[in-house]
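Take a look at the letters that make up each chain.
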2 protein chains.
Amino acid sequence: MISIEYNNLGEVKSTEMFKVKYDYLLKKINDALSTIITEKDSPENIIYKAMNYSLMAGGKRLRPVLLLAVSEMLDIDLEEVMPYACALEMIHTYSLIHDDLPAMDNDDYRRGVLTNHKVFGEATAILAGDALLNYAFEHMLDCLMDKSRNKSYSLEDGVKAVSYIAKAAGVNGMIGGQVVDIESEGKEITLEQLEYIHKHKTGALIKASVMVPAILFSLDEDKKNALERYSSSIGLAFQVKDDILDAEGDFKLLGKSTGKDASSGKSTFVSMYGLENSREILNKLIKDAVESLQIFGEKAFFLKNLAAYIAERKN
Amino acid sequence: MISIEYNNLGEVKSTEMFKVKYDYLLKKINDALSTIITEKDSPENIIYKAMNYSLMAGGKRLRPVLLLAVSEMLDIDLEEVMPYACALEMIHTYSLIHDDLPAMDNDDYRRGVLTNHKVFGEATAILAGDALLNYAFEHMLDCLMDKSRNKSYSLEDGVKAVSYIAKAAGVNGMIGGQVVDIESEGKEITLEQLEYIHKHKTGALIKASVMVPAILFSLDEDKKNALERYSSSIGLAFQVKDDILDAEGDFKLLGKSTGKDASSGKSTFVSMYGLENSREILNKLIKDAVESLQIFGEKAFFLKNLAAYIAERKN
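Cut-offs applied
Residues numbered from 1 in each chain as written. Chains lettered and ligands numbered in written order. Predicted model: local features only at pLDDT ≥ 70, side-chain atom pairs only at ≥ 80, totals over all residues. Least-squares fit on C-alpha atoms with pLDDT ≥ 70 in both. Contact = placed C-beta atoms within 7 Å. Helix = DSSP H or I, 4+ residues; strand = E, 2+ residues; numbered from the N terminus. Nonpolar A, V, L, I, M, F, W, Y, C, P; charged D, E, K, R; others polar. Axes fitted to C-alpha atoms, helices over the stretch in contact; angles between N-to-C directions. Parallel < 35°, antiparallel > 145°, perpendicular 65-115°, else oblique. Left-handed = near helix turned anticlockwise from the far one by under 90°.

**Student:** I'd like to hear about the relation of the copies chain A and chain B, residue by residue, with values.
**Tutor:** Turning chain A through 180° and shifting it by 0.0 Å along the axis lays it on chain B, with an RMSD of 0.0 Å. Overall, the copies show the geometry of a two-fold rotation axis. Taking the C-alpha atom as reference, chain A places Asp130(A) closest to the rotation axis, 3.4 Å from it. In this assembly the copies share their binding face: 98% of the residues contributing to the interface of chain A also contribute to that of chain B.

Below is the structure:
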């Protein structure tokens, strides 16, 4: 168990309040996600079941929670940003389905249940992943064009936000990181490469989650910079913590196989720096994330706690 | 060899003129595609090579050719619609990469060269497919926001076009058809199911190729309906022809393994109707496609010939 002293920053309120808030946002997202994929056109088509199976398999919903939390801090109506929050979770979920495939990480379990290809077969799992990525764009564009939806941002800013998410998910973002991660398996890599992988593989979507509200509602530069710094720190922290969990993990809590990184010869923060140093890096990143939010004052309460939560989570 | 008598429609000009025009549009598209994926961010990342390998492996470029040909008929500047033409080809290419995977059709050759996973490995091929789908959206959105690009359509109509393509590619379009196709392998299927597969798997993207110019430049209803009828007919014709080619095909011309449908127990037009009846269906579809374009007069010359080309192609 990592012990981080946030209290000396003098701003973090009770973890109880944080938990209540997290659960509130989590429920909002799960409610929205549960109605997003409807089988209207061809109810007998298995693809809808395969998509919903992974999308509704639970999980922390870190990306949409971040997006909603930042929006709330900026006094933005959560309903207005919900399509982007859902899209980010769909993109994250598709990346997990493809990541779990036999040709990739070959995982049988994810979030404590069988992986998509274990239930629906490889071919349908590949297509369910494709479909979720595609649907993320369908959904954002649908909502953007829907005149019955209340929108206090311009069409132009909406397009900017969709484009930002597309870039974060793509070859210069998440996918770029995944490829380098795969290619470097079993090889010695440099610290620079390790940071490239993490910045892109997990960092890009986390950054998009934090930045989308700022893009939609044209936040001023100082605050934008603060959010960028926050997102970089928690993005990297999230991955360092993942590496730590993998090294010391417990299947029951993690819901997936552990110790795989080491056995597959994957370079991680733990393999490069050792466990103790990795924990120290993690602490520094969280401290930086918390400090970067000073500009938002009291309203940053939840996001500061979220940084701590990333470091302390057990799965 | 199928013999179709178009001359009795009294409108089809020389096939030579058609060929020159096709090659002209093909070159335009290949030029645009060849510069689309740049390795600016991380030149050492293999993903760019994997994406470009399949994107530049040649092929008929039927979808972008259709989009440009319809645009030309409607007197639209081709540069304005090029991003959508390229996006459709990227989406088509990603679907082929995933389709060829061992877990799907398990093909070693495509367009006469080794399939993506045979060259780059399965993991990278899966990600290259994902990346091309994602990049199709990145590219369209980038061009839509680029104020230095000449655009005589509104931002709203641009978003409508991107959304139309997204739906055509997605779970209620191409992917929906692919899943039913896979699920029905080795099973008896109804004619209705066969038509569902074709309408979605190939028809949806072909329809989008024809309709995008009409959406961008708000064509009147009569002409829109004519284009819809044309696209439905050639979309289905394309698939019927594919089934015929597969049944009688020649590896050298097709650039991929043939007779696979029969050996894998896949239901096709040929397996359901026989070869002769399939040819008759094809002829009727082409005739309908040609007739549907009467409203455009002489200007429809190329698109009418394109319908005939679909029926007569040898690969």
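Having seen it, we continue.
**Student:** Which residues make up the interface of chain A and chain B, and what values do they have?
**Tutor:** Tallying the contact residues gives 46 residues for chain A and 45 residues for chain B. Residue assignment for the side of chain A that touches chain B shows that the elements contributing at least two residues are α2 (46-55), α6 (122-145), α7 (155-169) and α8 (174-183) of chain A. Here the element with the most residues in the side of chain A that touches chain B is α6(A); it accounts for 16 residues. Looking at side-chain class alone, the side of chain A that touches chain B contains 27 nonpolar, 10 polar and nine charged residues.

**Student:** Give a description of the packing of helix α10 (residues 221-248) of chain A against helix α14 (residues 275-292) of chain A that names residues and reports values.
**Tutor:** All names here are of chain A. One way to put it is that α10 packs onto α14 with a least axis distance of 8 Å and a crossing angle of 155°. Compared by their axis directions, α10 and α14 come out roughly antiparallel. Along this stretch, α10 crosses α14, giving a crossing that reads as left-handed. Contacts between α10 and α14 pair Ala226, Arg229, Tyr230, Ser233, Ile234, Leu236, Ala237, Val240, Lys241, Asp243, Ile244 and Ala247 from the former with Leu275, Ser278, Arg279, Ile281, Leu282, Leu285, Ile286, Asp288, Ala289 and Ser292 from the latter. Residues of the contact of α10 with α14, tallied by class, amount to 14 nonpolar, three polar and five charged.

**Student:** Before we move on, can you summarise the packing of helix α10 (residues 221-248) of chain B against helix α15 (residues 301-312) of chain B with the specific residues and values?
**Tutor:** Residues and elements named next belong to chain B. Between α10 and α15, the shortest axis-to-axis distance is 8 Å and the interhelical angle comes to 20°. Taken together, the axes of α10 and α15 lie roughly parallel to each other. Considering the relative orientation of α10 and α15, their crossing is left-handed. Residues Tyr230, Ile234, Ala237, Phe238 and Lys241 of α10 pack against Leu303, Ala307, Ile310 and Ala311 of α15. Considering only residue class, the contact of α10 with α15 consists of eight nonpolar, no polar and one charged.

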